[in-house]
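Residue-level listing of the chains:
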Amino acid sequence: MNNVKRIVTTVITAAVALVTMSAFAACGTSTDYSQDFADLKSQINELGDKIDDLEGKISSSDSGSSGTSEATASDVTINYSGLSGELNVYMPSPKGIQTQFKEEFEALTGVTVNIVSGTTGEILTMLEAEGDNHWADVVILASWSDGLSLKADNLLMSYQSPYAEYMHDGCVDDSYMLYGTSASAVGVIYNTKYYTASQLESLDWDDYADSQFKGEIAIPDPQKSGACKDFVAGFVTAIDTDYSIIDSWAANGLVNGGGNSNALAAVESGSTPILLAGVDYNAYSAIADGESIAIYYPESGTVINPRPAMIMKTAPNAENAKRFIDYLMSDSAQQIVADAYLIPGRADVECNSARLGFDEINQYTVNWNAMMSVSDTAAAYVVEKTAGNN
């Protein structure tokens, strides 16, 4: 850019000189400036060509065609050498990815990975029972609001991964304590032997209070399902602020379906053919396995909940934990996430083609701090309201 400025300055100076000479000539001076005119015109033309050339190079650089390109997440290099010992991880389903994460990280590092599996509710209960003697190095939950609660309780360690800048908006907190390395959404899952898409998929959440669905609707237990818990918290802070829609579902026989797996099994069997706020990756996986079910997201919106991976402040194996957080955002781990029908946390990794992606699902405008403050209360409310329907 400095070269351009210098050349333009020279051109302007030469042009001024040329105009000055022209003025003298017009005044009838006897001095012959013809050769000077010719020389200056030649210089100006030559400098003009240089400006055109520099402009072309600048444009080429701006468009990324100059041979250089911006760094991408795939360019990140993580050093896994020098690690040893163990890594203790608490994480929810799906169990298939637990096994793959364990095997790949052990092969990369030589570290022994111990995984304790459970629902988000079960993991939180374990952490509470441990008091100040936490065994886990890394905790993964299916609820972002519950992750924020752990942060508020000063239980988490900050670690800025080199992958942080490549994540979807909202999938890394501002303190680098929560990494949404995967995400899920909830929708309406239904048995296609009982209902067709034309019957249901134009319906919104509040339509399931209609008497035609009495006794045929369920919801996962939000005290067990982290995804459902985040949905309920988002629903009552963004849409159903007086809980009237949830009340109308309960009056229409809404059943507490238990954990995500049990709730989905009831849809598959037809015992409860419609599941409200059913977690989507389980549905897509079941559809791929040939189950007669379908899923859609009501037009008014839903909640996409990042599934936070976090390092405990008391982590016995902190360095191993940091590398595991890095690993969860690697190309390989993110592909495992996509293959499990979850939404990858990295913005540059595509979802499985069988499902909708992060930007293809209508989402509520949510306030996660507000959701965190009401999530336990809202979850307990749903459990209480459905208690008489089971």
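Criteria and cut-off values
Residues numbered from 1 in each chain as written. Predicted model: local features only at pLDDT ≥ 70, side-chain atom pairs only at ≥ 80, totals over all residues. Heavy atoms only, no water. pLDDT = per-residue confidence, 0-100. Contact = heavy atoms within 4.5 Å. Helix = DSSP H or I, 4+ residues; strand = E, 2+ residues; numbered from the N terminus. Buried < 20%, exposed > 50% of the residue type's maximum accessible area, 1.4 Å probe, protein only. Polar contact = N/O pair within 3.5 Å; in protein donor to acceptor, adjacent residues only side chain to side chain. Pairing = 2+ DSSP bridges. Right-handed = clockwise from strand over helix to strand, strands pointing away. Salt bridge = Lys/Arg side-chain N within 4 Å of Asp/Glu carboxyl O. Axes fitted to C-alpha atoms, helices over the stretch in contact; angles between N-to-C directions. Parallel < 35°, antiparallel > 145°, perpendicular 65-115°, else oblique. Left-handed = near helix turned anticlockwise from the far one by under 90°. Phe/Tyr/Trp six-rings, centres within 6.5 Å; stacked < 30°, edge-to-face > 60°. Core = buried A, V, L, I, M, F, W, Y, C linked by side-chain atoms within 4.5 Å. Arc of directions from axis to C-beta.

A.B. asks: How should the confidence of the model for the protein chain be read in this particular structure?
C.D. replies: Interpretation of the predicted coordinates at a detailed level should be avoided for regions scoring low in pLDDT. Here the protein chain shows a mean pLDDT of 88. Residues at 70 or above account for 82%. Predicted confidence is poor over residues 54–68, with pLDDT under 50, and the contacts of this stretch with residues over four places away or in other chains come to eight contacts.

A.B. asks: So what exactly am I meant to see when it comes to the side chain of H134 here?
C.D. replies: Take H134: it is sitting in the loop between α4 (120–130) and β3 (138–140). The class for H134 is buried, based on a relative accessible area of 10%. Here E130 takes part through its side chain, which lies 3.1 Å from a polar atom of the side chain of H134. Beyond its immediate sequence surroundings of up to four residues, H134 is in contact with L127, L155, M312, T314 and P316.

A.B. asks: Explain the environment of G253 here, please?
C.D. replies: Positionally, G253 belongs in the loop between α8 (244–251) and β7 (255–256). Residue G253 is classed as buried on the basis of its relative accessible area of 15%. Note: C-alpha distance between G253 and S211 (42 residues apart in sequence) is 9.4 Å. Leaving out residues up to four positions away in the same chain, G253 has contacts with K214, G215, I217 and N389.

A.B. asks: Mind showing me how you'd approach the pairing of strand β1 (residues 86–91) here?
C.D. replies: The side chains of a regular strand alternate, residue by residue, between the two faces of the sheet. Among the six residues in β1, five count as buried, and that is most of the element. Where β1 meets strand β2 (residues 112–117), six bridges bridge the pair, whose relative direction is parallel. Bridge assignment links Y90 to a residue of β2, and that residue is V116. After leaving β1, the chain enters helix α3 (residues 95–109) and then returns to the sheet as β2, a path that is right-handed. Across two bridges, β1 lies against β3 in parallel orientation. The residue of β3 that forms the bridge with V89 is V138.

A.B. asks: What is the right way to read the pattern of salt bridges from this model?
C.D. replies: One side chain can pair with another of opposite charge once the charged atoms of both are near each other. Going through the model one piece at a time under the given rule, you end up with 12 salt bridges. Its salt-bridge partner being R346, residue D331 comes within 2.8 Å of it at the nearest N-O pair. Here R346 lies in the loop between β11 (343–344) and α13 (368–386) and D331 lies in helix α12 (residues 331–339), a separation of 15 residues in the sequence. On the basis of relative accessibility, which here comes to 39%, the residue D331 falls in the partly exposed class. According to the relative accessible area criterion, R346 is buried, its value standing at 1%. Notably, a salt bridge pairs D348 with R346, separated by 2.9 Å at the nearest N-O pair. For D348, a relative accessible area of 42% puts it in the partly exposed group. The network of salt bridges with shared partners includes E319, K322, R323 and D326.

A.B. asks: Help me understand the packing of helix α9 (residues 260–269) against helix α10 (residues 280–288) in this model?
C.D. replies: Helix packing geometry: the angle between the two helix axes and the distance between the axes. Viewed as axis vectors pointing N to C, α9 and α10 meet at an angle of 45°, and their least axial separation amounts to 11 Å. The orientation of α9 with respect to α10, classified from their angle, is oblique. Taken as a pair, α9 and α10 cross one another with a handedness that is right-handed. Touching N260, L264 and E268 of α9 are N282, A283 and A286, all from α10.

A.B. asks: Just to check I follow, could you spell out the pairing of strand β9 (residues 293–296) for this structure?
C.D. replies: Burial along β9 is two-sided: I293 and I295 facing one way and A294 and Y296 facing the other are all buried. Pairing geometry for strand β5 (residues 179–191) and β9, over four bridges, is antiparallel. Residue pairing in the sheet places Y190 in a bridge with A294 of β9.

A.B. asks: Can you help me understand the packing of aromatic side chains in this one?
C.D. replies: One pair of aromatic rings is described through two measures. These are the centre distance and the angle between the planes. Counted according to the given criterion, the structure contains 17 aromatic pairs. For the ring pair Y190 and Y296, a centre distance of 6.4 Å and an interplane angle of 65° mean the geometry is edge-to-face. Placement of Y190 in strand β5 and of Y296 in strand β9 is noted, with a sequence separation of 106 residues between them. No difference in accessibility class separates Y190 from Y296, as the two residues are buried. Judged by centre distance (5.0 Å) and plane angle (40°), the ring pair of Y208 and F213 falls under tilted. For the residue pair Y208 and F213, the accessibility class agrees, reading buried in each case. Among the aromatic side chains, those forming a connected cluster through ring pairs are Y80, F101, F105, F324 and Y327.

A.B. asks: I tried to follow the nonpolar core on my own but got confused; where do I start?
C.D. replies: Side chains of nonpolar character tend, in soluble globular proteins, to be buried together. Grouped together as the largest cluster of nonpolar side chains are 109 residues, with contacts concentrated most on F101, Y208, W249, I274 and F324. Every residue in contact with Y208, bar those within four places of it in the chain, is listed here: V188, L200, L203, F213, I217, W249, N252, I274, L276 and Y296.

A.B. asks: Just to check I follow, could you spell out α9 for this structure?
C.D. replies: Owing to its 3.6 residues per turn, the α-helix aligns residues three or four sequence positions apart on the same side. The complete set of buried residues in α9 reads N260, A263, L264, A266 and V267. Down the axis of α9, the buried set is contained in an arc of 150°. They therefore lie on one face. Every exposed residue of α9 that faces more than 90 degrees away from the buried side is listed here: S261, N262 and S269. Buried-residue contacts for α9 involve β5, β8 (274–279), α10 and β9. Residue G270 follows α9 closely and has a positive phi angle near 90°.

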